[in-house]
Amino acid sequence: MEINVHFACTCGAFVEENIYVSEENLATDTTPCNSWKVLICDGCAKDYEAAIISTQNELDVSIDGAVSLEYEVVDNHEYDEISWTIESTQQLETYTKISRDVVLLLQLKIPDEAKNTLYNMLYAQVVTVVEAYLSGIFIHTVINSDDLIRKLVESDPELAKKQFSLNEIFSKWNELKFIVAKHLKDIIFHDLKKIKPMYFSVLEIDFGDIGWLFKAVLIRHDCVHRNGVDKEGNPTGIDESMIIDLIKNCASLVAAIDEQIQFRNLT
Ligand SMILES: [Zn+2]
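Note that the coordinates shown come from a computational prediction; the quantities given were computed from them, not determined experimentally.

We now examine the side chain of Asp156. With respect to the secondary-structure elements, Asp156 resides in the loop between α4 (146-155) and α5 (157-161). Lys194 provides the closest opposite charge to the buried, unpaired Asp156, separated from it by 7.8 Å. In this structure the side chain of Asp156 is engaged in a polar contact, spanning 3.2 Å, whose partner is the side chain of His183.

Quick look at the structure:
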């Protein structure tokens, strides 16, 4: 669960931070569950100890010395989603299952006039499932290894830019993991191109030439956001063989990544 906390420091500066409370710190029965976080004022470096008290129906935050303290629970959905990505081990199974389904669906006898729509849907599905695999296995592998997180933070200019104080690193290791996972999910979601150098610098896995995948991502955009035509109104022209080629290319990419991850015992 994520809580947005804001208050004024005695120095006059405004302190605002999102804190993450893990499942084990949330009460599931009548026994209250307490956890603590250290928040640091940017203005004067004073540290504040926030006590988070979870009861079955309520969550309270109290901070000694904080002026005008306010807090609210934010975006549970995103937290659940990211926690799920970190913990899930089903990436390969899901990928394989969906790819097989697409092949089966291609064998269906359907009316000719509906074929374009089905092909657009299936093409988009193949891109989505390979993207989910690439981001899911990367996040799962990296976030569950302290060494790989370090490697990622050192090699990612955006993460390296974020200044974490020593205090924060010690008091918030779990939260840091979550922040890093969220960052990964955001950038991978917005820009698949960044994933290739990341795999290389953090996992030492080289994708080789994946121009075909970037092209497929653009075509998927036309399928999903323009109902199967490009900006000029030309149809995507997706046919059965384009889908099969895409599935084959994705399958060899996924197999190569999986082999590396298994072989080097990364998970
Ligand atoms: Zn202050």
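Time to look at the domain arrangement of the chain. Each domain of the chain was delimited in the assignment, giving domain 1 (2-74) and domain 2 (88-263). When each unit is reduced to the centre of its C-alpha atoms, the spacing between domain 1 and domain 2 is 35 Å.

Before going further, it helps to examine the pattern of salt bridges. A side chain with one charge can pair with a side chain of the opposite charge if their charged atoms come near. Overall, the coordinates contain eight salt bridges when judged by the stated rule. The closest approach of N and O atoms between Asp112 and Lys115, which form a salt bridge, is 3.2 Å.

The first and last C-alpha atoms of helix α9 (residues 211-225) sit 21 Å apart over 15 residues, in line with the 21 Å expected at 1.5 Å per residue. On the buried face of α9, the contacting elements are α3 (115-143) and α10 (240-263). Positioned one or two residues after α9, Asn227 has a phi angle of 50°, which is positive.

For any two helices packed against each other, the geometry is given by the interaxial angle and the distance between the axes. Between α3 and α10, the shortest axis-to-axis distance is 10 Å and the interhelical angle comes to 10°. Compared by their axis directions, α3 and α10 come out roughly parallel. Contact with α3, carried on its side by Tyr119, Leu122, Tyr123, Val126, Val127, Val130, Tyr133, Leu134, Ile137 and Thr141, involves Glu240, Met242, Ile243, Leu246, Ile247, Cys250, Leu253, Val254, Ile257, Asp258 and Ile261 of α10 and no other residues of that element. Of the residues contributing to the contact of α3 with α10, the split by class is 18 nonpolar, one polar and two charged.

Below, the discussion takes up the environment of His77. Tracing the chain through its elements places His77 in helix α1 (residues 76-87). Sequence spacing of His77 and Asn116 is 39 residues, and the spatial spacing of their C-alpha atoms is 35 Å.

Two elements in contact, α3 and α4, have axes separated by 6 Å at closest approach and are oriented at 110°. When the axes of α3 and α4 are compared, the pair comes out roughly perpendicular. Where α3 approaches α4, its residues Phe138, Thr141, Val142 and Ile143 are matched on the opposing element by Leu148, Ile149 and Leu152. The residue inventory of the contact of α3 with α4, partitioned by class, reads six nonpolar, one polar and no charged.

Scoring rules and cut-offs
Residues numbered from 1 in each chain as written. Predicted model: local features only at pLDDT ≥ 70, side-chain atom pairs only at ≥ 80, totals over all residues. Heavy atoms only, no water. Helix = DSSP H or I, 4+ residues; strand = E, 2+ residues; numbered from the N terminus. Buried < 20%, exposed > 50% of the residue type's maximum accessible area, 1.4 Å probe, protein only. Lys, Arg positive; Asp, Glu negative; His and termini not counted. Salt bridge = Lys/Arg side-chain N within 4 Å of Asp/Glu carboxyl O. Polar contact = N/O pair within 3.5 Å; in protein donor to acceptor, adjacent residues only side chain to side chain. Domains from an automatic or database assignment. Expected span 1.5 Å × (residues − 1). Contact = heavy atoms within 4.5 Å. Axes fitted to C-alpha atoms, helices over the stretch in contact; angles between N-to-C directions. Parallel < 35°, antiparallel > 145°, perpendicular 65-115°, else oblique. Nonpolar A, V, L, I, M, F, W, Y, C, P; charged D, E, K, R; others polar.

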